[in-house]
Amino acid sequence: MSREIDSSGPGAIGAPPGGEVRRKVRYSRLPLCPLLLFAAVASAESLPKEALATVKQVHDASARKDLGALSALMAHEFTWSFGGDASAEQALQDWKSHPARLATLARLTAGPCAVVQRGLIQCPPADTMNYRAGFRQFPQGWRMVYFVAGD
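Just so it is clear, the model here is predicted, and its values are computed rather than measured. (Residues numbered from 1 in each chain as written. Predicted model: local features only at pLDDT ≥ 70, side-chain atom pairs only at ≥ 80, totals over all residues. Heavy atoms only, no water.)

K.L.:
How would you explain the sheet that holds strand S8 (residues 132-138) if you had to name every residue and give the values?
P.N.:
Spatially, S5-S9-S8-S7-S6 is the arrangement adopted by the five strands of the open sheet, whose pairing is mixed. At either margin of the open sheet sits one strand with a lone partner, and together these are strand S5 (74-79) and strand S6 (114-117). Each strand of the sheet is rotated relative to its neighbour by a mean of 35°, with strand direction disregarded. Across the sheet, helix H4 (residues 88-97) is in contact with S5 and strand S9 (141-148); its angle to S5 comes to roughly 75°. (Pairing = 2+ DSSP bridges. Helix = DSSP H or I, 4+ residues; strand = E, 2+ residues; numbered from the N terminus. Axes fitted to C-alpha atoms, helices over the stretch in contact; angles between N-to-C directions. Contact = heavy atoms within 4.5 Å.)

Printed below as a string of structure tokens:
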């Protein structure tokens, strides 16, 4: 998609002193981020029923602030902070001290989720600097593998 803008008038670039230049400038609007395009395409894939059931269980447990139920739905090696240890136990301890994060997790798992990589589901699907939760399949079933903000 392209668009034209009028960059004319007194003082326009290239105008002689006290004069006017009339011209139209064409520019194209490109996608802001290729990852957003990928997320939109990937979201069209159907999500496995087992994955959706796990996302719903995480939603319900986080809404109730039930850390025991969340623990059973998390991978042992769990990313909750960049630069920190990847540990579900540490994440649960942090959430115990910061219950607002559980409310955020409940809100995100109530919204749209999509396949963002082969075998990885993310809620919400867009790769943002905001909080997002990721789910992966293990032999024992689908587990939440991260809940982080930032890049």
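Next comes the rest of the account.
K.L.:
Account for the packing of aromatic side chains, naming residues and giving values.
P.N.:
Inspection of the entire model under this criterion finds three aromatic pairs. Residues phenylalanine 78 and tryptophan 95 carry aromatic rings whose centres are separated by 5.8 Å and whose planes lie at 85° to one another, so their mutual orientation is edge-to-face. Here tryptophan 95 lies in helix H4 and phenylalanine 78 lies in strand S5, a separation of 17 residues in the sequence. Here the two residues phenylalanine 78 and tryptophan 95 agree in accessibility, since each one is buried. On the basis of an interplanar angle of 80° and a centroid distance of 5.8 Å, the ring pair of tryptophan 95 and phenylalanine 147 is categorised as edge-to-face. Linking tryptophan 95 in helix H4 with phenylalanine 147 in strand S9, this pair joins segments that are 52 residues apart in sequence. (Phe/Tyr/Trp six-rings, centres within 6.5 Å; stacked < 30°, edge-to-face > 60°. Buried < 20%, exposed > 50% of the residue type's maximum accessible area, 1.4 Å probe, protein only.)

K.L.:
Just give me the short version of the nonpolar core, but keep the residues and values in it.
P.N.:
If you look at soluble globular proteins, the nonpolar side chains tend to sit buried side by side. Counting 25 residues, the largest nonpolar core has Leu70, Met74, Trp95, Phe135 and Met144 as the members making the most contacts within it. Every residue in contact with phenylalanine 135, bar those within four places of it in the chain, is listed here: Thr54, Val55, Val58, Thr109, Gly119, Leu120, Ile121, Cys123, Trp142, Arg143, Met144 and Val145. Core analysis: the second largest hydrophobic core is formed by six residues, Ala75, Val116, Leu120 and Val148 among them. (Core = buried A, V, L, I, M, F, W, Y, C linked by side-chain atoms within 4.5 Å.)

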